[in-house]
Amino acid sequence: SLSRPHTAVMGIAIPIGLAVTTALAMPMVPAVPTRWAALARRLPASSAPTPAITLYRDTNGWCPFCERVWLQLETKGLPYEEVLINLRDKPQWYKDMVPTTLVPAVKIRSGGTEEVVWESDVILRRLEELHPEPAMLPPDGERAAAEALIAEAGNLSSAGFRFA
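Computed from a prediction, not measured in an experiment: that's the story for all the values here. (Residues numbered from 1 in each chain as written. Predicted model: local features only at pLDDT ≥ 70, side-chain atom pairs only at ≥ 80, totals over all residues. Heavy atoms only, no water.)

Some words on helix α3 (residues 64-76)
Step number 1: Look at α3: 18 Å from first C-alpha to last across 13 residues, which is about the 18 Å you get at 1.5 Å a residue.
Step number 2: For α3, every residue scored as buried is listed here: Cys66, Val69, Gln72, Leu73 and Lys76. For α3, the buried positions fall inside an angular range of 130° around the axis, keeping them on one side.
Step number 3: Those residues of α3 that are buried lie in contact with β3 (53-58), β4 (80-85), β5 (105-110) and α5 (120-130).
Step number 4: Once α3 ends, the next one or two residues include glycine 77, with phi positive near 70°. (Helix = DSSP H or I, 4+ residues; strand = E, 2+ residues; numbered from the N terminus. Expected span 1.5 Å × (residues − 1). Buried < 20%, exposed > 50% of the residue type's maximum accessible area, 1.4 Å probe, protein only. Arc of directions from axis to C-beta. Contact = heavy atoms within 4.5 Å.)

Have a look at this one:
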């Protein structure tokens, strides 16, 4: 009945006694921080280990070679961290780490060592060696033929750019 005193909570009329009980039972919500850094400090610490693979890729997200590596990592379910490289202003540390200075590249950490691999086809093969399941390349008997087709496809795609 509305004969008891009421209060409005989020536009809903609640008897005063209920509102006090409900307010006491609900945990206090801290004020919303005004800065992202303050919010990050309030998040619980992550217990997940640092991924053993770092993928260095383009900031635009349109490099097909980066996408090949990303797709393999996702399909295999491998945890990785992603570092975006500005292709117009590559940092010096990246140029020092990757001799070609091209993307993609991956850094693989294992047993206290780090290995940097570049060129998407080499990265795909190395990840397949380290993490064979699920298999992303054909069985050994068919592998050489498949790799020859892939290499030939690369030659065919550049054929339009060759001049006599």
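Continuing now.
Some thoughts on α5
Step number 1: Looking at α5, one finds that the buried residues are Ser120, Ile123, Leu124, Leu127 and Glu128. Looking straight down α5, one finds that the buried residues subtend no more than 135° of arc, so they occupy a single side.
Step number 2: Looking at the buried side of α5, the elements it contacts are β3, α3, β5 and β6 (113-118).

Things to note about the pairing of β4
Step number 1: Here β3 pairs with β4 via six bridges, running parallel. By the bridge assignment for β4, aspartate 58 is matched with isoleucine 85.
Step number 2: In this region the chain leaves β3, passes through α3 and returns to the parallel neighbour β4; the handedness of that crossover is right-handed. (Pairing = 2+ DSSP bridges. Right-handed = clockwise from strand over helix to strand, strands pointing away.)

Observations regarding the environment of leucine 55
Step number 1: Mapped onto the secondary structure, leucine 55 falls in strand β3.
Step number 2: Take leucine 55: its relative accessible area is 0%, and that puts it in the buried class.
Step number 3: In the structure, leucine 55 is positioned 14 residues away from valine 69 in sequence and 8.2 Å away in space, judged by C-alpha atoms.
Step number 4: Beyond its immediate stretch of four places on either side in the chain, leucine 55 contacts Val69, Trp70, Leu73, Tyr80, Glu81, Glu82, Val83, Pro104, Ala105 and Val106.

Here we look at the sheet that holds β5
Step number 1: The strand order across the open sheet built from four strands is β4-β3-β5-β6, with neighbouring strands paired in mixed fashion. A single partner strand is all that each edge strand has here, and the edge strands are β4 and β6. Direction aside, neighbouring strands of the sheet carry axes that sit 20° apart on average.
Step number 2: Bridging between β5 and β6 involves six bridges; their strand directions are antiparallel. Note that in β6 the partner of isoleucine 108 across the bridge is glutamate 115.
Step number 3: Against the sheet, α3 engages β3, β4 and β5, with an angle of about 150° to β3. (Axes fitted to C-alpha atoms, helices over the stretch in contact; angles between N-to-C directions.)

A closer look at the nonpolar core
Step number 1: Judged by nonpolar contacts, Ile53, Leu55, Val69, Leu73, Leu78, Tyr80, Val106, Ile108, Val117, Ile123, Leu124 and Leu127 together constitute the single largest core of 12 residues.
Step number 2: Residue contributions to this core peak at three residues, all from α5.
Step number 3: With residues near it in sequence (within four places) discarded, isoleucine 53 still touches Leu73, Leu78, Pro79, Tyr80, Glu81, Val106, Lys107, Arg109, Leu127 and His131.
Step number 4: Judged by nonpolar contacts, the second largest core, of nine residues, contains Ile85, Met97, Val103 and Ala105. (Core = buried A, V, L, I, M, F, W, Y, C linked by side-chain atoms within 4.5 Å.)

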